[in-house]
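# Coordinates in review
Residues per chain are reported as follows:
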Amino acid sequence: MSPLAYIVSLPVRAYRLVFSPWVGMSCRYQPTCSAYSLEALEKHGAIKGSYLTVRRILRCHPWGGSGIDNVPD
């Protein structure tokens, strides 16, 4: 993971540490959005990984899809 991607991943890591246990296991997609975000940042770097993360979070709403949604290559 590049240094910039690592910095961008810090809020995601904080969310997983602090808020994720309180929210519960109610994710619509597999892998969860936080795991997807970390994988996208690792594979694609800070800019494209952030774009993929935001796009994934915007798809996660009551009228959105569900199921397996892996990070694209």
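Cut-off values and rules
Residues numbered from 1 in each chain as written. Predicted model: local features only at pLDDT ≥ 70, side-chain atom pairs only at ≥ 80, totals over all residues. Heavy atoms only, no water. UniProt positions renumbered as here; feature names shortened; annotations may be inferred. Helix = DSSP H or I, 4+ residues; strand = E, 2+ residues; numbered from the N terminus. Polar contact = N/O pair within 3.5 Å; in protein donor to acceptor, adjacent residues only side chain to side chain. Phe/Tyr/Trp six-rings, centres within 6.5 Å; stacked < 30°, edge-to-face > 60°. Lys NZ or Arg CZ within 6 Å of the ring centre and 35° of its normal.

Going by an unreviewed UniProt entry, the protein carries the name Putative membrane protein insertion efficiency factor and comes from Yoonia maricola. Under the Subcellular location (unreviewed entry) heading, UniProt states for the protein: "Cell membrane". UniProt annotates the protein under Sequence similarities (unreviewed entry) with the comment "Belongs to the UPF0161 family."

Relative to the assigned elements, Ser34 resides in helix α3 (residues 33–59). Engagement of the side chain of Ser34 in a polar contact is seen with the side chain of Arg16, the distance being 3.3 Å.

This part covers the packing of aromatic side chains. All told, the structure shown has 0 aromatic pairs when counted by the stated rule. Lying across the ring of Tyr36, Arg56 places its NZ or CZ 4.5 Å from the centre. Positioned over the ring face of Tyr29 is Arg59, at 5.9 Å from the centre of the ring.

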